[in-house]
Structure formats: structure tokens, C-alpha cells
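Reading the structure
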Amino acid sequence: MLPEPTIDCLLFHDSNAQAIALADISDHVGQPDRFLWVELKSPDSQTITRLGDELGLHALALEDAISTHQRSKLEEYEGHMFIATRTVQLCDSRMEMGETHVFVGSNYVVAIRHDSGTGYQRVSDRLQRLPNGIRAATPYALYLVLDLIVDQFRPVIESMQDRFQSLESQLISSAKPGRDMLERLYAMKRDLTALRDAAEPMQEITQNLIRLHPELSTKELKAYYRDIHDHAVRVSATIDRLRMATSDAMQFHLASLSLKQNESVQKLAGWGALLALPTVVFSLYGMNFKVMPELTWPWAYPALLLVTGTAVVVLYRRLRRRGWI
């Protein structure tokens, strides 16, 4: 028998929290004086089916919860709501993408995560240490989940900013831009695109909760949900600025490569001009003409060599001043 994939399953009742089994959830569903918090990590289809039986979840929502690579969305069913979100975490200085599927009912919140991150222990801890005037219920628990998802973008973005600054410094200081730098910039832009795809839908989800679900964004919690939305907007704006800066850096790198190529062509053209001058002069003496006045002059060849050398030196200095050599 496979081990139970339950990370956390808590029942809140009379200001107390106690751990219960997944099979006992149905005994408390629908009772307004009780609240259920459940966290599952990468459960199998059998566990999802058991959860659906305990909570009376819609079959389509259960199907979405089993499969990963879902697009971020908020869907309403009779008696409950299903939210799919993309998550991101910083693990060993690397960005790792994941997914969280949330079932929201009148007195329960179930978070199903598909990643290898730290999970939602912070949500469980805060539910057990409630601030004054707030009780353990669906609106506050959902806020804690969404708030944690958005907060996890911050260290990833800070890491991305440090990564870009390092690449930018190397790009500016590098005397020989190469393909390696272009590949690293492209890899960063690809990561930023994935980060944007995960962050942007959070704006729509939180906005829909504020506008269309007053039972969740209650009067006491509306400011909290607005704070999540503001954070999501700032996250998306920061990502867009980083993507634009990365694109500019790629264009700068390509321009640097073109400039280096033009400089190489100029140097080749300059040396070609220097070689062309004596080549043209001395090639005339390979024509075997019978009537050439200088053939009978005793100082003809030394003079010719001197004039040609002088012309080459003058041309070299002029090309040197223009930066062609």
C-alpha cells in the first residue's frame, strides 16, 4: 500500500486545531463552526478520488487536479471553487517551477502542490496563530495560500536581477564578445518568459476574487486581497522590465559583434591597400617591355624602391590615424 501523501490535515474548532485523518474529512464538511485545512503533495489518482468523495468535488475539477501542466485559472462549480496556479521557488540558486491546485469550499481549503519545494507550512502555522479579529475560515486561509504564492516570486526576481547585472557587467567589460554570452542572455530571457507566464494570471485571479466573490474577499479581508493583487502587478512589471533589459542587452551584444566584424573587415582592407601599392608597381616590371626609360638609368631601381617604400609608409600612417590598421 502506498504511503499517505497528506502533508497537513487540520480541523479548526472552538479556537483549537487538531490533526485528523483524510478519511474523517466528510464528518466535518458543511458545518459552519468548523474549518478544514488540507495540504497534499503530488497525490496519486486514488488519493484525489478519495478526496473528491470526502468533499463532494466535481469530476472535472478532480481530473484537472490529477494532471499537471494546467494553465492558471479560476473555475466555479456547485458548492466549491477550483484554482490552478503556477508557482516558482528558488532552490540552490536555481529557479524551479511548480503547480498548486486549490479547492475552496464553504468551510475548507485544500492545497494540492506538484513541486519539490518547502510547501505551505507557513499557512498552517499562521492559521494556528491568528491575529485579533480574524478566525480560521476559508477567506483567510485562501488569502494565506495566494499570498505565499506571490511572495515566493520575490527572491526569484531578486536572483534574476543579480544574474542580469552580472551578465551586463561581463558584456560591457568583455573585449571579445562571443556566442557564449548570447546563449546566456537567451537562457535568461527564456526563464523570464516562464516567470511572466506564471505571475501574470495571478492578477486576474485576485481581481476576480475581489470583484465577484465577496464571500471570500470579505470586508475585513478585502484590503489583504488587494495587497496580493498589488504585489502581483509589481511582480509582473518588474519581470517585464527585466525582459526588456535582457532584449536590449542581446541587441547590444549583436551590435558589438557586428562592430567587431566591421573592424576586422577594415583592417583587412587596410592591409590589402598597403600590399596593393607595391604589387601594382612591381608587377609593371614583369611585363617585359622593351621601351622603358628607367631601364637605362643607373639609380632607377633604388629610386623606385625608395619612392614605393615612402608611399607605403605614408599610406600606412594615414590608415593608422583613421583606425583602419
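Here, every reference points to the structure presented above.
So, a few notes on the structure that sits alongside this text.

Basis of the calculations
- Residues numbered from 1 in each chain as written.
- Predicted model: local features only at pLDDT ≥ 70, side-chain atom pairs only at ≥ 80, totals over all residues.
- Heavy atoms only, no water.
- Helix = DSSP H or I, 4+ residues; strand = E, 2+ residues; numbered from the N terminus.
- Buried < 20%, exposed > 50% of the residue type's maximum accessible area, 1.4 Å probe, protein only.
- Contact = heavy atoms within 4.5 Å.
- Expected span 1.5 Å × (residues − 1).
- Arc of directions from axis to C-beta.
- Lys, Arg positive; Asp, Glu negative; His and termini not counted.
- Salt bridge = Lys/Arg side-chain N within 4 Å of Asp/Glu carboxyl O.
- Phe/Tyr/Trp six-rings, centres within 6.5 Å; stacked < 30°, edge-to-face > 60°.
- Patch = residues over 30% accessible without salt bridge, like charges linked within 9 Å, V, L, I, M, F, W, Y side chains within 5 Å.
- Areas by Shrake-Rupley, 256 points an atom, 1.4 Å probe, with all protein chains shown as cover.
- Charge placed at Lys NZ, Arg CZ, Asp CG, Glu CD.

Looking now at the environment of alanine 273. Relative to the assigned elements, alanine 273 resides in helix α7 (residues 222-283). Owing to a relative accessible area of 31%, alanine 273 belongs among the partly exposed residues under this scheme. Linking alanine 273 and glutamine 261, residues 12 residues apart in sequence, is a C-alpha distance of 18 Å. If near-sequence neighbours (up to four positions away) are discounted, alanine 273 is found in contact with Leu315 and Leu319.

The end-to-end C-alpha distance of helix α5 (residues 153-173), which contains 21 residues, comes to 30 Å, matching closely the 30 Å that a straight helix rising 1.5 Å per residue would cover. Listing the buried residues of α5 in full gives Phe153, Val156, Ile157, Met160, Phe164, Leu167 and Leu171. Buried residues along α5 cover an arc of 90° about the axis, so they all sit on one side. Structural note: α5 exposes Asp162 and Ser173 on the side pointing more than 90 degrees away from its buried face.

Turning to helix α1 (residues 45-55), a few remarks are in order. An α-helical turn contains 3.6 residues, so a residue and the one three or four places further along point in the same direction. The set of residues buried in α1 consists of Thr47, Ile48, Leu51, Gly52, Glu54 and Leu55. The buried residues of α1 occupy an angular sector of 165° when projected down its axis, which confines them to one face. Within α1, the exposed residues directed more than 90 degrees away from the buried face are Gln46 and Asp53. For α1, the secondary structure elements touched by its buried residues are β3 (34-41), α2 (59-66) and β7 (108-114). Taken from the residues just after α1, glycine 56 is the one with a positive phi, measuring 70°.

Let us now look at the environment of threonine 238. Position of threonine 238 among the secondary structure elements: in helix α7. Between the C-alpha atom of threonine 238 and that of arginine 196, which follows or precedes it by 42 residues, the distance is 9.5 Å. Discounting residues that sit within four places of it in the chain, threonine 238 has contacts with Ile157 and Gln161.

Looking at the secondary structure, you find glutamate 54 in helix α1. Arginine 50 provides the closest opposite charge to the buried, unpaired glutamate 54, separated from it by 6.3 Å. In contact with glutamate 54, not counting residues within four places along its chain, are Leu22, Ala23, Asp24, Ile25, Ser26 and Val29.

Applying the stated criterion across every chain, the model contains 5 aromatic pairs. On the numbers, 5.9 Å between centres and 40° between planes, the contact of phenylalanine 12 with phenylalanine 35 is tilted. Taken together, the residues span a long stretch of sequence, with phenylalanine 12 in strand β1 (residues 6-13) and phenylalanine 35 in strand β3 at a distance of 23 residues. The residues phenylalanine 12 and phenylalanine 35 share a single accessibility class, namely buried. Ring plane angle 35° and centroid distance 5.8 Å describe the contact between tyrosine 140 and tyrosine 143, whose orientation is recorded as tilted.

Okay, unusual backbone geometry next. Positive phi, close to 45°, is recorded for serine 42, a residue that is not glycine. Structurally, serine 42 is set in the loop between β3 and α1.

A few words on a positive patch on the surface. On the surface, a cluster of positive charge is made up of Arg317, Arg318, Arg321 and Arg322. Turning to its location among the elements, arginine 317 is positioned in helix α8 (residues 300-321).

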